[in-house]
Every structure is written in C-alpha cells, then in structure tokens.
2 protein chains.
Amino acid sequence: MNKQAVIGPGLLGGSIALAARRYASWRVSIWARREEAVAELRHRGIGDEASTDLAAVAEDADLVVLCIPIGAMPEVAAGLAPVISPGAVVTDVGSVKARVVAELEPIFRARGHFVGSHPMAGSDQAGLSAAKADLFGGSVCIVTPHEEANGEAIARVAAFWRTLGCRVRELTPEAHDETVALVSHLPHLVAAALVNCVQAQDPGALEFVGPGFRDTTRVAGGPPDMWTEILNSNRPAVLKSAEAMIAKLREFMTLLERQSAGDTLSMNEFLTHARTERERLRASH
Amino acid sequence: MNKQAVIGPGLLGGSIALAARRYASWRVSIWARREEAVAELRHRGIGDEASTDLAAVAEDADLVVLCIPIGAMPEVAAGLAPVISPGAVVTDVGSVKARVVAELEPIFRARGHFVGSHPMAGSDQAGLSAAKADLFGGSVCIVTPHEEANGEAIARVAAFWRTLGCRVRELTPEAHDETVALVSHLPHLVAAALVNCVQAQDPGALEFVGPGFRDTTRVAGGPPDMWTEILNSNRPAVLKSAEAMIAKLREFMTLLERQSAGDTLSMNEFLTHARTERERLRASH
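Bear in mind the structure is a predicted one, so any value in this text is a computation, not a measurement.

As for the overall build of chain A
Then, number 1: Secondary structure assignment for chain A yields eleven helices and nine strands.
Then, number 2: Considering chain A as a whole, with its 285 residues, one finds that 58% of them fall into the buried category.
Then, number 3: The long-range share in chain A, meaning contacts at least 24 apart out of those at least 6 apart in sequence, stands at 72%.
Then, number 4: Approximately 11,000 Å² of chain A is accessible, and the part contributed by carbon and sulfur atoms is 50%.
Then, number 5: Charge separation in chain A, taken as the distance between the mean sites of 28 positive and 34 negative side-chain charges, equals 4 Å.

And the structure:
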C-alpha cells in the first residue's frame, strides 16, 4: 500500500486526504503545525494519521504534497528534505510556480524528486471545514516540471492528480505563471476592485445587487493573506494582465461612446465575441 | 378574479406567467408578436390565454406588464394605450428606467397608470425555454415611480412583485439608473472585457480556467443585442462607472507595485476591504 504525506491541513490538504480515501487506497498521513489542527483531523477522521512531527509524517511516504502557503514552503521543505525517502516524489499546490520551483527544487535536489503542480480547484471558503472529497473532480491541474525534472516523478505526480479527478496539463513554471495571471489572478483582482469600486461610488448600491454581481465578485471573498502572497509572488505577470484589462475597458468605453454617433454594431460585436468565447467554456465543461 | 396581461413571452414574461399561476390566482393573458411563440405558449400551457392580438390580451386587464426590449416599448405602448381599461396599471421590466419612464409615461397619461419597475432577476439564458416560476424568489425588484405617479398604482405594482417573491425597493428612475450602472451594467461589461482580454492576450489560456474565472465571467454569456441596448440606454452612468472601475484597478496596481518596496499591508487592506463587503452580501442573502 502506498503512503502519502499531506503537509498542511487546509482546504486543499484536507480535500486531498478525503479524496485519497474515496478514490484510492493510499495510506494518508497529515502534518499540521498546530496540535489543535491535529486534534480536529483526528476528530473528523480525516487521513489515517495526523501529527505535528514532520519526520513521522514524511517517513516512508512515496508522495509528499505541500499544501501550505507559498511563503512557508522553503522552511518546511528544508525540514522535510532530510527525513523523506530517497526516492520520494514531492509536489505542492502553490498558485504561483516559478518562485516555488526556484525555491524548492534545490532543496530536494540531493534527496527526493520535486515536481510542482497547481490544482485549479478551490473555493472562496478556506480551511479544513470547507474540505471535500470531490473538490478536484473535473478541474484542471497544471503540472509544472522544471527542465531537469525526473520523468518518472512527473508521471507519478500527474497520475496522482488524475486519480483525484483532475484533468492534467503540463506547462513550464513560467508559462504557468503567465497563464494563471490571466485566468485566476486577474479575475481575483477584478472581483475585488469591482466590490471596492461600487462600495466607494455608492455604498447603498450594494443593497440592490442581483445574481450577476454576486457571481462576478464571488472570488473576492477569498482569504486576503493568501491572495496578497499569490499576487505579490506573480507581480510582473499580474501587472501586465491588469494593464491589458484596463485597455479592454477603454476599448469598450470607446465603442460605447461611438454608439451615440450611430455605430451600434461595434459594441454588439464586442459583446458577441465575449459571449462566443464564454459559451465555449460552458461547452468544454 | 384579476386579469393580468403579460406583453412578451421571453424569460421574464414567461417566468411571470409561471409564477402568477403558482403564487396567485390571477388570470394571465400573454401577448407575443409571432404566431410561433403563441403556439409554444399554448403547447407548454403557460398562461391562460396567448395571442398576437394586443387588444384581446390587454382587454379588461387590471395589470399590464411590458416584458419586451426597451427599444420596442414605445411602439407597443402606443398600441396598448387605446385598448387598456381606463384604470389599468401598466408596468415594465426594463433594465434602464429614466429613458423608459420618459418614453412611456406620456403615452399612458390619458389612460391607465404607468409605474416603471425592474426585477433584478435573470439569467445568462434568455428566452421562454429558460423561464421558471421561481425566477424572482428572493431577488430585489426596484419600483421607480416618477414624480406624478399615482400612489395606488405604485402600491399595486409593488404588491404584484411581492407576490412573485421579490423584495421591493423604491428609487427614482434616475437613481435607479445610477445604481444599476454600478451593480448590474458594470459587472456585465467587466465580465465581457475580462473574457475578451484573456482571449486577446493568450487564447490558449482559456483551456486552463477554473471555477473562479467561470463565475467572474458568467454574465458575459448574456444576449448581446439586449445588452447593447441596455448599456447604450444608460450610457452616461455606464461610462462613469467604467471610469471608476479603471481607477480602482490603477489603485490596485499601485499597491501591488508598492509591495516590492516592502509595503505588504496596503494591498492586504484592499483585498480585506473587498472581502468584508462581499461577505456582507452573502450574509444578507
């Protein structure tokens, strides 16, 4: 029986443990920094073992999954490297990959095989209480092997995510960061900016929101500490995507102004283009 | 027994007819421009009667609800005015109110009582096929009496929407338009701009979208013709809200750039503020 070590008992770590029990027969050992979290894991029966002892959790694990904030990874990885099996495969769930891979790959170079990954699943709810076995079902997981990554380790990480229900894609760490700046970080900052914009313009207007506003801003409910770290870790790509978004809003404004001059076609085309691409997403899911 | 005339068999008109049957005992008569739509209404058993004859549908109705595109309202209203009961109350479901009220109020000044309204319910799906009795349940309906609106007519329109499950609020037509520019029109153009932005920056990135991008852009799937008309009818307020949104995105970019100089607090505050306001919406619903 394979053993899997989950490092960190949050939404993703907890969901991996629940999914592993439902979809596979791995033995799951979970590390938490705090004794209270260990007690909660045991109380809820999540995972086969839970401990604050990193060595006990990582010992004999075939796969180690880091499910902690990006900023906490190097320190925990340095604690892990001496205690994992020499052939263990290590991956993570960080939302930014160039920084994470650059920091973790050297730590595991002498022992184990590191391959980064980013499951594009989540929720505006954070923490173990929101964890669920089907969090990953149908979602995309981007595996981001660096240039010298071990081929077998890549395959094992990909197989792991597939078992949990993900569709696996491969990108370089750098291409990953450009992509998620557009499809994940930009929506987050747009949602946050939209809430703050409406609130600043007219706080009373928030009394009148319908389902459209709720959907468009849902991700703004995500944890600020985590998102501050994510956005900061991917700063150049995020700034570039925000600049492109502003340019698109300006383009729209020009088209709307042009409507008063009788050109009703261009704005319709802008909206039709958006709908066509959006419908394609619906069809693909 | 009260008779209600629904003018237009789309998502909103169809849903009103279905809701009226479930939640009230009104007789519902539906007007459609096309015989095919009348046939579909009869086939699906929506409403008590359906016809392309405006006079037959409106005759004896206590309440007439215009559920047609804003641009089509004046012509249909001109046809309605001579055939409605002298004391009939007329309302509409248009997403923009200053223009609609200015156009329709004079038409019904001699006969009937016009009071505008805007149920903040809908879907990215348009048309009768998406109609459902519970479309309005729990949503806000803004009733927008003009200065000389008849008090009893306002009360009847409000009671009508309450019966369908709406929470009713009152705003002047102008205040309504400012408010929906922020909470409805801005989210729509932001969603459309976000889809077009990502597609223009990297079409392949759309392969990697997760639930966050899907939620943030859902409303971009709405019908372009309808939205072109809505946004154009509320042009000044929409342009103002888009300008405010761009300013918020710039504010965010400044905060993100400042992070590199070691100020990690300001961006966290921006995101925390957005989350606090967003959580309040969740609590209120």
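Section: the relation of the copies chain A and chain B
Here the two chain copies are tied together by a rotation about an axis and a shift along that axis.
Then, number 1: Superposing chain A onto chain B requires a rotation of 180° together with a translation of 0.0 Å along the rotation axis, leaving an RMSD of 0.0 Å. What we have between these two chains is a two-fold relation. When each C-alpha of chain A is compared by its distance to the rotation axis, Thr216 of chain A comes out closest, at 1.9 Å.
Then, number 2: The share of interface residues of chain A whose copies in chain B are also at the interface is 100%, consistent with both copies meeting through the same surface.

What about the sheet that holds strand 8 (residues 140-144) of chain B?
Residues and elements named next belong to chain B.
Then, number 1: Reading across the sheet, the three strands line up as 7-8-9 and stay open at both edges, with mixed pairing between neighbours. The strands lining the two open edges of the sheet, one partner per strand, are strand 7 (116-119) and strand 9 (167-170). Neighbour to neighbour, the strand axes of the sheet diverge by 25° on average, direction disregarded.
Then, number 2: Packing of helix 6 (residues 151-163) onto the sheet brings it into contact with strand 7, strand 8 and strand 9, and relative to strand 8 it is tilted by some 170°.
Then, number 3: Contacting strand 7 and strand 8, helix 7 (residues 173-201) runs over the sheet at an angle of about 145° to strand 8.

Section: the sheet that holds strand 5 (residues 89-92) of chain A
The strands making up a sheet associate through hydrogen bonds between their backbones, and the pairing can be parallel or antiparallel.
Residue and element names in this part refer to chain A.
Then, number 1: Sheet architecture is open: six strands sit in the order 3-2-1-4-5-6, paired in parallel fashion. A single partner strand is all that each edge strand has here, and the edge strands are strand 3 (49-51) and strand 6 (113-114).
Then, number 2: In this sheet, strand 5 lies alongside strand 4 (residues 63-66) in parallel orientation, the contact comprising four bridges. The residue bridging Leu66 from the neighbouring strand is Asp92, located in strand 5.
Then, number 3: Across the face of the sheet, helix 1 (residues 11-23) comes into contact with strand 1 (3-7), strand 2 (27-31) and strand 4 while running at roughly 160° to strand 1.

Notes on the packing of aromatic side chains
Then, number 1: This structure, assessed with the given rule, holds ten aromatic pairs over all chains.
Then, number 2: Geometrically, the ring pair formed by Phe108 of chain B and Phe114 of chain B is stacked, given 6.2 Å between the ring centres and 15° between the ring planes.
Then, number 3: Overall, Phe114 of chain B belongs to the buried group, its relative accessible area being 4%.
Then, number 4: Feature note: the residues Trp26, Phe136, Phe160 and Trp161 of chain A constitute an aromatic cluster, connected by ring pairs.

Looking at the side chain of Thr144 of chain B
Residues and elements named next belong to chain B.
Then, number 1: Its place among the elements puts Thr144 in strand 8.
Then, number 2: Note on Thr144: relative accessible area 0%, which makes it buried.
Then, number 3: Here Thr144 is in contact with Lys97, Val101, Gly116, Ser117, Leu171, Thr172, Pro173 and His176, once residues within four sequence places are set aside.

Notes on the interface of chain A and chain B
Note: interface size is frequently given as the accessible area lost on complex formation between the parts.
Then, number 1: Between chain A and chain B, the contact holds 86 residues from the first and 86 residues from the second.
Then, number 2: Interface area, chain A with chain B, both sides summed: about 8,300 Å², of which 67% is carbon and sulfur.
Then, number 3: Three residues stand out in chain A for area buried against chain B, namely Phe208, Arg214 and Arg278 of chain A, and they jointly supply 9% of the buried area on that side.
Then, number 4: In this structure, the connection of chain A to chain B is made through six salt bridges.
Then, number 5: Of the charged contacts in the structure, one is a salt bridge between Arg169 of chain B and Glu207 of chain A, with a shortest N-O distance of 3.3 Å.
Then, number 6: Between the two partners, chain A and chain B, sit 22 residue pairs in polar contact (both at pLDDT 80 or more).

Considering the packing of helix 7 (residues 173-201) of chain A against helix 10 (residues 235-259) of chain B
Then, number 1: The interhelical angle for the contact between helix 7 of chain A and helix 10 of chain B, taken along N-to-C directions, is 120°, at an axis separation of 9 Å. Taken together, the axes of helix 7 of chain A and helix 10 of chain B are oblique relative to one another. Crossing angle aside, the handedness with which helix 7 of chain A passes helix 10 of chain B is right-handed. In this structure, helix 7 of chain A contributes Leu189, Val190, Ala193, Leu194, Asn196, Cys197, Ala200 and Gln201 of chain A to the contact, and helix 10 of chain B contributes Lys240, Ser241, Ala244, Met245, Lys248, Leu249 and Phe252 of chain B.

Comments concerning the environment of Glu152 of chain A
Then, number 1: Structurally, Glu152 of chain A is set in helix 6 (residues 151-163).
Then, number 2: Glu152 of chain A sits 63 residues away from Val89 of chain A along the chain, and the two C-alpha atoms are 9.2 Å apart.

Side note on the side chain of Thr228 of chain B
Then, number 1: Relative to the helices and strands, Thr228 of chain B resides in helix 9 (residues 224-233).
Then, number 2: Given the relative accessible area of 7%, Thr228 of chain B is considered buried.
Then, number 3: In terms of polar contacts, Thr228 of chain B uses its side chain to reach the backbone carbonyl oxygen of Pro224 of chain B, at 2.7 Å.
Then, number 4: Filtering out sequence-adjacent residues up to four positions away, Thr228 of chain B remains in contact with Gln259, Thr264, Met267, Asn268 and Leu271 of chain A.

Calculation notes
Residues numbered from 1 in each chain as written. Chains lettered and ligands numbered in written order. Predicted model: local features only at pLDDT ≥ 70, side-chain atom pairs only at ≥ 80, totals over all residues. Heavy atoms only, no water. Helix = DSSP H or I, 4+ residues; strand = E, 2+ residues; numbered from the N terminus. Buried < 20%, exposed > 50% of the residue type's maximum accessible area, 1.4 Å probe, protein only. Contact = heavy atoms within 4.5 Å. Areas by Shrake-Rupley, 256 points an atom, 1.4 Å probe, with all protein chains shown as cover. Lys, Arg positive; Asp, Glu negative; His and termini not counted. Charge placed at Lys NZ, Arg CZ, Asp CG, Glu CD. Least-squares fit on C-alpha atoms with pLDDT ≥ 70 in both. Pairing = 2+ DSSP bridges. Axes fitted to C-alpha atoms, helices over the stretch in contact; angles between N-to-C directions. Phe/Tyr/Trp six-rings, centres within 6.5 Å; stacked < 30°, edge-to-face > 60°. Buried area = accessible area lost by both parts, 1.4 Å probe. Salt bridge = Lys/Arg side-chain N within 4 Å of Asp/Glu carboxyl O. Polar contact = N/O pair within 3.5 Å; in protein donor to acceptor, adjacent residues only side chain to side chain. Parallel < 35°, antiparallel > 145°, perpendicular 65-115°, else oblique. Left-handed = near helix turned anticlockwise from the far one by under 90°.

These values are about where atoms sit, not about what they do.
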